[in-house]
Every structure is written in C-alpha cells, then in structure tokens.
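Listed here are the chains, written in short residue letters.
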Amino acid sequence: MNLFDLTGKVALITGGAHSIGFALGVGLAQAGATVCFNCSSEASRERGLKAYAEAGVEVHGYVADVTNEEAVKAMIAQIEEEVGVVDILVNNAGVIKRIPMTDMSVEDFTKVIDVDLIAPFICSKAVIPGMIAKGHGKIINICSMMSELGRETVSAYAAAKGGLKMLTRNICSEFGGANIQCNGIGPGYIATQQTAPLREPQADGSRHPFDQFIIGKTPAGRWGTTDDLVGPAVFLASDASNFVNGHILYVDGGILAYIGKQP
C-alpha cells in the first residue's frame, strides 16, 4: 500500500517530545518520514531524543517557542537547511487550564489561546511558502472534542480548539489549490501519564468517578491510547488523503455520536 508510504517526506511535530506528539512522531517515522520534533526547552529536547532513540527511531529535535513568530521562522529555516523543506506539519503543542470562567484571568485565557490557536497559525504560516514551492503539503492540526462541545472550566481551551477547527477549514479554503491539504484530528479521552490519576481504582476497588463518566460516555467502552491516533495521522499525512481537505477526524471511540445510556 504505497499510498501510506511517507518515505522521503520531512515531518515536523510541535510538542513532539512526549505523550501524543511523541506517539505521532514514532508512527510517522515508522511510515518512512524523516521526523523533526519541536519542544520548549533544551531539557525537553534531550528527554525527547532519548525516548525516540529507545523506540528505535532517529529524529531531529529543535527548541523554539511556537508562540513567537521570529523563533518559529528561525526554526523552520534551520530545519530546511539541515533536513529539508517541511512536507508534513503536525500542530500538536497545546496547553489547558481548568479554571472556572469567572475565576480565570485574561492572562491565563490569553496564554491558552496563544499556544493552542496562535501557534498553529504561526507554524502553518511559516511552512506554507515552502509547501507551495514544492507543490504539495500536509498540515494536521490536533483539535479536540472541545472543538465541538463545551464543558465546565475549559472556556479558553474550547474557544481555542473551536478556533483551530475553523483555521483548519480556512487553510483548506485558501491553499487547497496549491495542493496543500489541511485537516484535523480530534482525540477523545486518551490514556496518558497526565490522565493516569483519573483512571486509578479507588480504595474500594471501584472506578474513579471521572473514569466511570468517560467509560459510560464512550461506546467503545474504554479510554483511547496514543497508538489509536497514529493510523489517522499517517492517513492524513499520506497520499491516501490527497482529496481529503478541511475535515476534522474525531478519534474518540464514538463519544460525539452517542447521547449516552438511558438511566
């Protein structure tokens, strides 16, 4: 199935040193891509390089603040010089602040918007000229179920991810004629180190209340794994999706299709 072969492609994953970004980096590399990952500190870069090496994957790591346009421009120029023009951009870097809206400061709200929405704009803007010159490109924005639904305490995150959904559609609209496909992946609830405390059994052996809530809302009856996101990412990065543009692929075990079990 050569449609899914990424050999010869250069992929850049922001926030790619750990968790979802790391899994996507390993997956794209195993599909043949030359992977570059971005992170926010040298310590994170070193940890990322070690983790990829342990996974048997050779990658290139770069430190840059993705909310800083000049820093991103410099990073892209360095990647183009050292590795090649970026064929695949995965806008994965993100942050969430769970604060009730009336308690949230404008500074905290703005920080979430900057990382989750402004940064994908900056990074996409930086790689699109190279993609146009090369005649093709793939941009994958890591959206969220909060691109569609609201929930208590995540006003900034939902606003940013809703905006990222529409940025995805607009990049499609503006650059589809240049053979650039921009799509999104909307993960459901994914089992990561950050969510581990929410999945630990209680003292009496019962599920954590939030774990019960998620399992009850998910037709698949389980949390997702980072590996569940790899296939969709490879598809959206590959020639198999050359006529797929402006879509958000929700990888959520069916949550968004399900009203919930009748009491």
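Definitions and cut-offs
Residues numbered from 1 in each chain as written. Predicted model: local features only at pLDDT ≥ 70, side-chain atom pairs only at ≥ 80, totals over all residues. Heavy atoms only, no water. Phe/Tyr/Trp six-rings, centres within 6.5 Å; stacked < 30°, edge-to-face > 60°. Helix = DSSP H or I, 4+ residues; strand = E, 2+ residues; numbered from the N terminus. Buried < 20%, exposed > 50% of the residue type's maximum accessible area, 1.4 Å probe, protein only. Lys NZ or Arg CZ within 6 Å of the ring centre and 35° of its normal. Expected span 1.5 Å × (residues − 1). Contact = heavy atoms within 4.5 Å. Salt bridge = Lys/Arg side-chain N within 4 Å of Asp/Glu carboxyl O. Polar contact = N/O pair within 3.5 Å; in protein donor to acceptor, adjacent residues only side chain to side chain. Axes fitted to C-alpha atoms, helices over the stretch in contact; angles between N-to-C directions. Parallel < 35°, antiparallel > 145°, perpendicular 65-115°, else oblique. Left-handed = near helix turned anticlockwise from the far one by under 90°. Nonpolar A, V, L, I, M, F, W, Y, C, P; charged D, E, K, R; others polar. Pairing = 2+ DSSP bridges. Arc of directions from axis to C-beta.

Any two aromatic rings considered together are summarised by their centre-to-centre distance and by the angle between their planes. Applying the stated criterion across every chain yields a total of six aromatic pairs. Residues Tyr189 and Phe210 carry aromatic rings whose centres are separated by 5.7 Å and whose planes lie at 70° to one another, so their mutual orientation is edge-to-face. Of the two residues, Tyr189 is situated in the loop between β6 (180–187) and α6 (209–217) and Phe210 in helix α6; the sequence distance between them amounts to 21 residues. Among the residues examined, Phe210 registers a relative accessible area of 19% and is labelled buried. A cation over a ring is seen here: Arg199 above Trp223, with NZ or CZ 5.5 Å from the ring centre.

So, on to helix α1 (residues 19–30). Taking 1.5 Å as the rise per residue, α1 with twelve residues should run 16 Å; its terminal C-alpha atoms sit 17 Å apart, in good agreement. With nine of its twelve residues buried, α1 lies for the most part within the structure. Listing the buried residues of α1 in full gives Ile20, Gly21, Ala23, Leu24, Gly25, Val26, Gly27, Leu28 and Ala29. On its buried face, α1 is in contact with β1 (10–13), β2 (34–39), α2 (42–54), β4 (88–91), β5 (137–142) and α7 (230–237). Directly after α1, the chain includes Gly32, whose backbone phi takes a positive value near 115°.

In this section: the pattern of salt bridges. A full pass over the atoms with the stated rule returns nine salt bridges. The partner of Asp87 in a salt bridge is Lys134, with the nearest N and O atoms 3.0 Å apart. Linking Asp87 in the loop between α3 (69–82) and β4 with Lys134 in helix α4 (residues 106–134), this pair joins segments that are 47 residues apart in sequence. Judged by its relative accessible area of 2%, Asp87 falls in the buried class. Here Arg207 and Asp211 are joined by a salt bridge, their closest N and O atoms 3.0 Å apart. Residue classification places Arg207 among the partly exposed residues on the basis of a relative accessible area of 42%. The class for Asp211 is buried, based on a relative accessible area of 4%.

Bringing the side chain of Ser144 into the picture now. Structurally, the position occupied by Ser144 is in the loop between β5 and α5 (155–175). Polar side-chain contacts of Ser144 include one of 2.9 Å to the backbone nitrogen of Met146. What Ser144 contacts, discounting residues up to four positions off in sequence, is Tyr157, Lys161, Ile185, Gly186, Pro187 and Tyr250.

It is worth spelling out the packing of α1 against α7 at this point. α7 packs onto α1 with a crossing angle of 55° between their chain directions and a minimal axis gap of 9 Å. As judged from the angle between their axes, α1 and α7 are oblique. Judged by the sense of rotation from one axis to the other, the crossing of α1 with α7 is right-handed. Residues Ala23, Leu24, Gly27 and Leu28 of α1 touch α7, and the partners they reach there are Val230, Ala233, Val234 and Ala237. Residues that form the contact of α1 with α7 fall into these classes: seven nonpolar, one polar and no charged.

Another aspect to go through is the sheet that holds β1. The strands that make up a sheet are held in pairs by hydrogen bonds between backbone atoms, and each pair lies either parallel or antiparallel. What the seven strands build is an open sheet, ordered β3-β2-β1-β4-β5-β6-β7; its pairing is parallel. Of all strands in the sheet, those bounded by a partner on one side alone are β3 (59–63) and β7 (248–251). Across the sheet, the axes of successive neighbouring strands diverge by a mean angle of 20°, strand direction being ignored. Sheet topology note: the β1/β4 ladder contains three bridges and is parallel.

The next point concerns unusual backbone geometry. With a phi angle near 75°, Thr153 is a residue other than glycine that sits in the positive phi range. Relative to the assigned elements, Thr153 resides in the loop between β5 and α5. With a phi angle near 65°, Asn179 is a residue other than glycine that sits in the positive phi range. As for its placement among the helices and strands, Asn179 is situated in the loop between α5 and β6.

It is worth spelling out α3 at this point. Over its 14 residues, α3 runs 20 Å from end to end, which matches the ideal 20 Å to within 8%, given 1.5 Å per residue. The complete set of buried residues in α3 reads Val72, Met75, Ile76 and Ile79. Burial along α3 is one-sided: seen end-on, the buried residues are contained in an arc of 95°. Seen from the buried face of α3, the exposed residues on the opposite side, beyond 90 degrees, are Glu70 and Glu81. In the core, the buried residues of α3 are packed alongside β1, β2, β3 and α4. Its side-chain oxygen at 3.0 Å from the backbone nitrogen of Glu70, Asn68 defines the N-terminal cap of α3. Positive backbone phi, at 145°, marks Gly84, one or two positions downstream of α3.

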